[in-house]
Structure formats: structure tokens, C-alpha cells
Amino acid sequence: MTVLDKNIEDPVLSERESVLVRSAQRCIMAALDHSRAGKIALLSDAEAVIDKDTPVLELPPKVLRFIAKTLGAMAEGKTILLMPKDQELTTVEAAHLLQVSRPFLSKLLKEGRIPFRMVGSHRRVNHGDLMTYKNKMREAQDLAMQDLTNQSQELGIE
């Protein structure tokens, strides 16, 4: 897993933590399903009841849904990568995100298939440009797979 912010701990959860996270996700989604919930109270281990001194976070429902989806992915042990939309990546980080080798990514950059900018002697790739390329490649793969499926049906091969 690549963590861009080196101050963030490795988010791999223990079995107990996964159960707690899954429970929190279900609570948030249930609250959103039954109302326009927008507040979360934070209790310490010693507290059992919400009172006037309990810290309360007020958040829009779409933010709570985002948190719930993130918690669900964490509970399933999935890797989560959050970054600003305009984040620039090194070639190593970009290659990792595309799941290709760095030399292959460098070839794509030299061919102009993915925009980049130079910072000194190093290339930087905008995350949005990288995702645009990834989505185009996925669409091309889907079309190729559909063509193969159509050809096999025409030939009676299944």
C-alpha cells in the first residue's frame, strides 16, 4: 500500500477493529436510512451517556455516507487511498496506482498518452490525468471484451 502522508498509520485493522468498524458503518447507514441524520456524538471509553459536554460533530448526510462507505471498505480489509483531486504523483506512485511498472509508465509519458510536468529532472503526474487515462483504458478493454464475446457468439463458440 502506498501512503502519501507519511504521518498516517498503516490502516490494516485487527479482527476486533474490523468488527467495530463494520458496526459503526451499519449504525451510520441505518441512521441515514431513517432520517436526515447529520450529527455524530463522540464518547470516550469512560462515558456511557451523551450529555451537554459531549462533543458532537455536525456533518452533511453525503459526508456521513462517504464515511460509512470508507468504514465498510476498511472493515473488508481493502486499501483506501484518499488524496486531493489535483494531487501530483511521482512516477513510482503513478505506476503503482496503475499497477504497471515504472518503465512502462515512463514510456506512456514519453509517448504523450498521459500528461505530466517536470519538477527539476523529475516527472510529476496529476492524479486526475492518471484516472482519465485509466478510465479510457478500462473502456477500451471492455469494448475489446465485448467484441470477443460477439465474435464467439457469431461463430457459435461458447
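Below or above, wherever it landed, is the structure these notes cover. What you see is a predicted model; the values in this text were computed from it and never measured.

**Description of the overall build of the protein**
So, point 1. Within the protein, the regular secondary structure consists of five helices and five strands.
So, point 2. Taken from the N to the C terminus, the helices and strands of the protein come in the order α-β-β-α-β-α-α-β-β-α.
So, point 3. With 158 residues in all, the protein has 20% of them scored as buried.
So, point 4. Within the protein, contacts between residues at least 6 apart in sequence are counted, and of these 52% link residues at least 24 apart.
So, point 5. Carbon and sulfur atoms make up 54% of the accessible area of the protein, which totals about 12,000 Å².

**Digging into the environment of Ile40**
So, point 1. For Ile40, the location among the structural elements is in strand 1 (residues 39-41).
So, point 2. Sequence separation of Ile40 and Pro55 is 15 residues, and the distance between their C-alpha atoms is 8.5 Å.
So, point 3. Residue contacts for Ile40: discarding those within four places in its chain leaves Pro55, Val56, Leu57, Leu59 and Leu64.

**Notes on the pairing of strand 5 (residues 122-126)**
So, point 1. Relative to strand 5, strand 3 (residues 88-89) runs antiparallel, the two being bridged by two bridges. Its bridge partner being in strand 5, Glu88 is matched across the sheet by Asn126.
So, point 2. In this sheet, strand 5 lies alongside strand 4 (residues 117-119) in antiparallel orientation, the contact comprising three bridges. When the bridges of strand 5 are listed, Arg117 appears paired with Arg124.

**Some details on the nonpolar core**
So, point 1. Among the nonpolar cores identified, the biggest contains 12 residues, and these are Met83, Leu89, Ala94, Ala95, Leu98, Leu105, Leu108, Leu109, Ile114, Val125, Leu130 and Tyr133.
So, point 2. Elements represented by at least two residues in this core include exactly helix 3 (91-98), helix 4 (102-110) and helix 5 (127-154).
So, point 3. Counting residues in hydrophobic clusters, the runner-up holds seven residues, among them Val21, Leu32, Leu64 and Ala75.

**Considering the packing of helix 3 against helix 4**
Two measures define how a pair of helices packs: the angle their axes make with one another and the distance between the axes.
So, point 1. Where helix 3 contacts helix 4, the axes come no closer than 9 Å and their chain directions differ by 100 degrees. One finds that helix 3 runs roughly perpendicular with respect to helix 4. Every residue of helix 4 that contacts helix 3 at Thr91, Val92, Ala94, Ala95 and Leu98 is listed here: Arg102, Leu105 and Leu109.
So, point 2. Counted by class, the contact of helix 3 with helix 4 contains six nonpolar, one polar and one charged residues.

**Examining unusual backbone geometry**
So, point 1. In the Ramachandran plot, Gln99 falls in the positive-phi region, its phi being about 60 degrees despite a non-glycine side chain.
So, point 2. Mapping Gln99 onto the fold places it in the loop between helix 3 and helix 4.

**Side note on helix 2 (residues 61-75)**
So, point 1. Here helix 2 is 15 residues long and its end C-alpha atoms lie 21 Å apart, about the 21 Å a rise of 1.5 Å per residue gives.
So, point 2. Turning to helix 2, its buried residues number three or more, namely Pro61, Leu64, Ala68, Thr70, Leu71, Gly72, Ala73 and Ala75.
So, point 3. Taken from the residues just after helix 2, Gly77 is the one with a positive phi, measuring 80 degrees.

**A closer look at helix 3**
So, point 1. Thr91, Glu93, Ala94, Ala95 and Leu98 are the residues of helix 3 that are buried.
So, point 2. Lining the buried residues of helix 3 we find strand 3, helix 4, strand 5 and helix 5.
So, point 3. Where helix 3 ends, the next residue or the one after it, Gln99, has phi of about 60 degrees, a positive value.

Here is what the cut-offs are and how they apply
Residues numbered from 1 in each chain as written. Predicted model: local features only at pLDDT ≥ 70, side-chain atom pairs only at ≥ 80, totals over all residues. Heavy atoms only, no water. Helix = DSSP H or I, 4+ residues; strand = E, 2+ residues; numbered from the N terminus. Buried < 20%, exposed > 50% of the residue type's maximum accessible area, 1.4 Å probe, protein only. Contact = heavy atoms within 4.5 Å. Areas by Shrake-Rupley, 256 points an atom, 1.4 Å probe, with all protein chains shown as cover. Pairing = 2+ DSSP bridges. Core = buried A, V, L, I, M, F, W, Y, C linked by side-chain atoms within 4.5 Å. Axes fitted to C-alpha atoms, helices over the stretch in contact; angles between N-to-C directions. Parallel < 35°, antiparallel > 145°, perpendicular 65-115°, else oblique. Nonpolar A, V, L, I, M, F, W, Y, C, P; charged D, E, K, R; others polar. Expected span 1.5 Å × (residues − 1).

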